[in-house]
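One-letter residues, chain by chain:
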Amino acid sequence: MTWKFWKKDNTKAKKKKSASREWFDAIVFAVIAATLIRTLFIEAYVIPSGSMESSLLIGDYLFVSKVNYGARMPITPIGIPFTAHTIPFTDAQSYWSGLQLPYYRLPGFSDIKKGDIVVFNLPMEADSPYYRPVDRRENIIKRCQGTPGDTLSLANAQVYINGKPELAAIHGEMTYIVKSDGSPINPDVINELHLTDMAPINNTDFSTNTTVESAAKLRTYSNIKSVTPNIAIKGLVDELNPVYPLSHPDYKIGAMPRYGWNIDNFGPVIIPKKGWTVKLDSLTFPIYGRAIAVYEHNTVKVNGKDIFINGKKADTYTFKLNYYWMMGDNRHNSTDSRYWGFLPEDHVVGKALFTWMSIDSTASFANKIRWSRLFRGIK
């Protein structure tokens, strides 16, 4: 009697996968691996606008670390991989909002510090017409100016934290009024000094955005009479371009207070900290009402001079999240916390690390790549 019959059955060669099956398995593995890396460790990001110039330029490609502040776990996990909120080249939603998980963040190396350049989800997309979940809102990038518990104010474009002046970004820009003798500015000077958003005021004068250093150099040219920062007048409200909370007047008791704030003169305001209790009245409610209702998901109603939170009359509120104050380095060309208020911690995506590529779309083909900005750290 032979005992080898069992070997024949158990040593059958495995059926070889077809080429299409091997490609499918490879693609699935690549998608899963890339998604894990993008969610937990690092993500690429490109600068789309000039709000951070000249610290960061339009066309800078960055790597954003998820581990510095701790990776945020997906809130709307079901969707098309590598899309934020819509399917490319369409207006169709790329995720399913039927499943939304609670906010949770893994432990990170550090907390957000003042001066950090941070990528985060745009808070305004909680509003009409988007109503997007937190992790499906557009990614934007700004510099942190204030952290939880800080008292922040602006006076003549200078940021103050807890009464002390905060250091300005080394390469930050603002708007200047330039008075000249009427002779044209050399195009090479415009490029060298990075004079952007140039707009004529009259036959001799113009406004432009540039850095403090470039403004100082511009003053040395013989055809330039003066270069003056265009700072908004303290107490003068821009009715056509109001800042927070006038920009979001949904949360108020009676008439909105006249805070007299503008882009260069603002506050003081206390940045909410987890566990901090604020007294709610006609002056504070317009400032903190949005965070209470929109970001902390409470039902807020006002009846006369009374505030009701989740159906109960309230004259105080204790915050559940930490908040931050974000501003662009290009101070007069940035939609930031001055317009939409505090940034909740659950909106934070990660910390900008360095630029790995930079492309100037306005330059000639030979000069498209800004070689000096490749693999450059971000400050």
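Cut-offs and rules
Residues numbered from 1 in each chain as written. Predicted model: local features only at pLDDT ≥ 70, side-chain atom pairs only at ≥ 80, totals over all residues. Heavy atoms only, no water. Phe/Tyr/Trp six-rings, centres within 6.5 Å; stacked < 30°, edge-to-face > 60°. Helix = DSSP H or I, 4+ residues; strand = E, 2+ residues; numbered from the N terminus. Buried < 20%, exposed > 50% of the residue type's maximum accessible area, 1.4 Å probe, protein only. Pairing = 2+ DSSP bridges. Axes fitted to C-alpha atoms, helices over the stretch in contact; angles between N-to-C directions.

Examining the packing of aromatic side chains
Line of reasoning, step 1. A full pass over the atoms with the stated rule returns 18 aromatic pairs.
Line of reasoning, step 2. Between tryptophan 325 and phenylalanine 342, the aromatic rings sit 5.7 Å apart at their centres with planes inclined by 65°, giving edge-to-face as the arrangement. With tryptophan 325 in strand 18 (residues 323-327) and phenylalanine 342 in the loop between helix 6 (337-340) and strand 19 (343-344), this residue pair connects regions lying 17 residues apart in the sequence. Here tryptophan 325 matches phenylalanine 342 in class, with each residue buried.
Line of reasoning, step 3. Taken together, the ring pairs connect Tyr244, Tyr259, Trp261, Phe266, Trp276, Tyr288, Tyr295, Tyr317, Phe319, Tyr323, Trp325 and Phe342 into an aromatic cluster.

Remarks on the sheet that holds strand 12 (residues 266-270)
Line of reasoning, step 1. Here we have four strands laid out as an open sheet, ordered 7-6-5-12, and antiparallel in their pairing. Unpaired on one side and paired on the other, strand 7 (164-165) and strand 12 mark the two borders of the sheet.
Line of reasoning, step 2. Across four bridges, the pairing between strand 5 (residues 151-155) and strand 6 (residues 158-161) is antiparallel. Within strand 6, the residue paired with alanine 155 across the bridge is glutamine 158.

Digging into the sheet that holds strand 8 (residues 173-180)
Line of reasoning, step 1. Strand order in the open sheet formed by four strands is 9-10-8-11, with antiparallel pairing between adjacent strands. What marks the edges here is a single partner per strand, and that holds for strand 9 (196-200) and strand 11 (224-229). The sheet shows a mean angle of 25° between the axes of neighbouring strands, taken without regard to direction.
Line of reasoning, step 2. Note that strand 8 and strand 10 (residues 205-211) share seven bridges and pair antiparallel. By the bridge assignment for strand 10, methionine 174 is matched with threonine 210.

Distances and angles like these do not, on their own, reveal function.
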